[in-house]
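Chain residues, written in single-letter form:
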Amino acid sequence: MPLDPENIEKFLENTSNDKLNTELLYMLIKRIDKLCFEECEIDRIACTLTPMCTRRFLLRLRIKNNLTIDDIPKFCYSVHKNVLYRDFYGKTVVYKPIDAYLYLIDFLDVFFHGDYRKLNKFISFKNWDDLLKIFNERIEKGEDFHYQLTENYIIFKYGERIHVIFINEKYALCNANKENIVSLEILYSLCELYRRLFFPDFKVKYNPLKFVEISAVVPRDVVSNISSDPNMEENLSKLDDYFWNIFPKDLDALLEISKKISLNINQYTHNLVIKLYLNLETNNYSGVKKINSLKYRDLRLLFNFLYRLYFDYYELHLNGIKFK
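Residues numbered from 1 in each chain as written. Predicted model: local features only at pLDDT ≥ 70, side-chain atom pairs only at ≥ 80, totals over all residues. Heavy atoms only, no water.

**Student:** Quick question: what am I supposed to make of the overall build of the protein chain here?
**Tutor:** Across its full length, the protein chain holds 12 helices and 11 strands. For the protein chain, the spread of C-alpha atoms along the three principal axes comes to 70 × 55 × 40 Å. Of the roughly 19000 Å² of accessible surface on the protein chain, 52% is carried by carbon and sulfur atoms. Here the protein chain contributes 46 positive and 45 negative side-chain charges, whose respective centroids are spaced 3 Å apart. (Helix = DSSP H or I, 4+ residues; strand = E, 2+ residues; numbered from the N terminus. Areas by Shrake-Rupley, 256 points an atom, 1.4 Å probe, with all protein chains shown as cover. Lys, Arg positive; Asp, Glu negative; His and termini not counted. Charge placed at Lys NZ, Arg CZ, Asp CG, Glu CD.)

This is how it looks when you write it as structure tokens:
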């Protein structure tokens, strides 16, 4: 039988093979370089339409490990950048560039063309006032994006797409989806950005060493209108149907990505307070021991849940709408 990936993984896990592991990895690197710089780029049509690595993931490997533009296949990267450009402007692309990485200046060129050199300079020198002035001017002129600036990252929301600038590393993640969220700072920024846009009266707290805490509120008047025994009702109201039939399933699903969920009645306001605690790990396992990391796409479930609570049961209540 030929070797398979599991055989290689087991070999590399054996610490007694350290010297041989290094030799094996250098063989792998040599093969990757030959694939990228000789075999794939030699045929530019094939490299454009059917690159030899799926969705050009070897570019991601190089960029995330801080290789410079001189250390990557330049034609492949130019095609990669053009795919992101075409996708951003709604043009036809060979594949959707999900979880794609660009060097910072190229990201700015694609998404903020016309200001990209100034923005690159402002980020390099951490001139945040001038940076935010350009962002805000573009938003005032009608560009549909939102942002959140932190010490180490800039988070962008374009429609349903999320992009993240890694300030210190000088690269950006575009169309984040299946990538792991690598920092609580990013997780907090995403939650705070969505809170500000969609559920502003809820709260997000940041414990840099442990977790991000999200507090959602169901007002006491809403809680008091939930039937104590829905089985006695022939036709459940929308309120009862959600809190007796759907709400428990939502919480079960959220427990897959949250480390803890608490529900309490506030002793002073008598509101129902729902607190969700998230960190960079989920409660899902791959195999026996490996815990799955939290991914950007996992947050869709969380934000949809909070959005529903806010617009169906919090904001409507504030506007004086009665529940039936």
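**Student:** Help me out: how do you make sense of the packing of helix α1 (residues 5-13) against helix α2 (residues 18-40) in this one?
**Tutor:** In helix packing, the relevant descriptors are the interaxial angle and the interaxial distance, both defined with respect to the helix axes. Across the interface, α1 lies against α2 with an axial gap of 9 Å and an inter-helix angle of 140°. One way to sum up the angle between α1 and α2 is to call them oblique. Judged by residue contacts, Ile 8, Phe 11 and Leu 12 of α1 engage Leu 20, Asn 21, Leu 24 and Leu 25 from α2. (Axes fitted to C-alpha atoms, helices over the stretch in contact; angles between N-to-C directions. Parallel < 35°, antiparallel > 145°, perpendicular 65-115°, else oblique. Contact = heavy atoms within 4.5 Å.)

**Student:** Sorry, what's going on with the pairing of strand β7 (residues 211-218) here?
**Tutor:** Where a strand is regular, its side chains alternate between the two sheet faces. Burial runs high along β7: 7 of the 8 residues are buried. The pairing of strand β6 (residues 203-207) with β7 spans 5 bridges and is classified as antiparallel. Within the sheet, the bridge partner assigned to Asn 207 lies in β7 and is Phe 211. Bridging between β7 and strand β9 (residues 272-278) involves 7 bridges; their strand directions are antiparallel. Bridging from a neighbouring strand, Ile 214 pairs with Leu 276 of β9. (Buried < 20%, exposed > 50% of the residue type's maximum accessible area, 1.4 Å probe, protein only. Pairing = 2+ DSSP bridges.)

**Student:** Got a minute to help me understand unusual backbone geometry in this structure?
**Tutor:** In terms of backbone geometry, most residues other than glycine have negative phi values and most peptide bonds are trans. One non-glycine residue with positive phi stands out, namely Arg 56, at about 60°. Position of Arg 56 relative to the elements: it lies in the loop between α3 (44-49) and α4 (57-64). Within the chain, Asp 99 stands out as a residue other than glycine whose phi angle is a positive 55°. Within the secondary structure layout, Asp 99 lies in the loop between α5 (74-88) and β1 (100-103).

**Student:** Looking at this structure, how should I read the side chain of Asp 115?
**Tutor:** Checked against the element boundaries, Asp 115 lands in the loop between α6 (104-111) and α7 (116-124). Contacts of Asp 115, omitting those with residues within four sequence positions, involve Ile 134 and Arg 138.

**Student:** Looking at this model, I keep getting lost on helix α9 (residues 184-198). Mind explaining?
**Tutor:** An α-helical turn contains 3.6 residues, so any two residues separated by three or four positions project in the same direction. Helix length check: α9, at 15 residues, gives a terminal C-alpha distance of 21 Å against a target of 21 Å (1.5 Å per residue), a fit within 8%. Counted residue by residue, α9 has 11 buried out of 15 residues, so it is predominantly covered. All buried positions along α9 are accounted for by Leu 184, Glu 185, Ile 186, Leu 187, Ser 189, Leu 190, Cys 191, Glu 192, Leu 193, Tyr 194 and Arg 195. One side-chain oxygen of the residue at the start of α9 lies 2.9 Å from the amide nitrogen of Glu 185, identifying that residue as Ser 183. (Expected span 1.5 Å × (residues − 1). Polar contact = N/O pair within 3.5 Å; in protein donor to acceptor, adjacent residues only side chain to side chain.)

**Student:** Sorry, what's going on with a positive patch on the surface here?
**Tutor:** On the surface, Arg 55, Lys 178, Arg 297 and Arg 300 cluster together into a patch of positive charge. Take Lys 178: it is sitting in the loop between β5 (171-174) and α9. (Patch = residues over 30% accessible without salt bridge, like charges linked within 9 Å, V, L, I, M, F, W, Y side chains within 5 Å. Salt bridge = Lys/Arg side-chain N within 4 Å of Asp/Glu carboxyl O.)

**Student:** For this particular structure, what's the right way to read the packing of aromatic side chains?
**Tutor:** Where two aromatic rings form a pair, the distance of their centres and the angle of their planes describe that pair. Tallying each qualifying case throughout the model produces 39 aromatic pairs. Look at Tyr 194 and Phe 198: their rings are 5.7 Å apart centre to centre, the planes differ by 40°, and that puts the pair in the tilted class. Linking Tyr 194 with Phe 198, this pair stays in helix α9, spanning 4 residues, or about one helical turn. The exposure class of Phe 198 is partly exposed, given its relative accessible area of 24%. With centroids separated by 4.5 Å and ring planes inclined at 35°, the aromatic side chains of Tyr 307 and Phe 311 adopt a geometry described as tilted. One end of the pair, Tyr 307, and the other, Phe 311, are both in helix α12 (residues 299-318), 4 residues apart, so they sit about a helical turn from each other. Tyr 307 gets classed as partly exposed once you look at its relative accessible area, which sits at 40%. (Phe/Tyr/Trp six-rings, centres within 6.5 Å; stacked < 30°, edge-to-face > 60°.)

**Student:** What is the right way to look at the pairing of strand β2 (residues 146-149) in this model?
**Tutor:** Two strands pair when backbone bridges link them, and β2 and strand β3 (residues 153-158) are joined in this way by 4 bridges, in the antiparallel orientation. Looking at the pairing, Gln 148 lines up with Ile 155 of β3.

**Student:** What's the story with the sheet that holds β5 in this structure? I'm lost.
**Tutor:** Backbone-to-backbone hydrogen bonds join strands into a sheet, with any given pair of strands oriented parallel or antiparallel. Taken in spatial order, the 5 strands of this open sheet run β1-β5-β4-β3-β2, and their pairing is antiparallel. Across the chains shown, the open sheet's two edge strands, defined by having one partner strand only, are β1 and β2. In this sheet, neighbouring strand axes are inclined to one another by 20° on average, regardless of whether the strands run parallel or antiparallel. The pairing of β1 with β5 spans 4 bridges and is classified as antiparallel. Paired with Ala 100 across the bridge in β5 is Cys 174. Along the sheet, helix α8 (residues 128-140) makes contact with β2 and β3, crossing β2 at roughly 165°. Contacts from α9 reach β2, β3 and β4 (161-166), with the element oriented near 40° to β3.

**Student:** I tried to follow the sheet that holds β9 on my own but got confused; where do I start?
**Tutor:** Within the open sheet, the 4 strands sit side by side as β6-β7-β9-β8. Their pairing is antiparallel. Either end of the sheet is taken by a strand with one partner, and the two such strands are β6 and β8 (260-265). In this sheet, neighbouring strand axes are inclined to one another by 20° on average, regardless of whether the strands run parallel or antiparallel. As judged from the 6 bridges shared by β8 and β9, these two strands associate in the antiparallel manner. In the sheet register, Leu 263 faces β9, and the bridge partner there is Ile 274. Packing of α9 onto the sheet brings it into contact with β6, β7 and β9, and relative to β6 it is tilted by some 170°. Docked against the sheet, helix α11 (residues 238-255) engages β7, β8 and β9, running at close to 145° with respect to β8.

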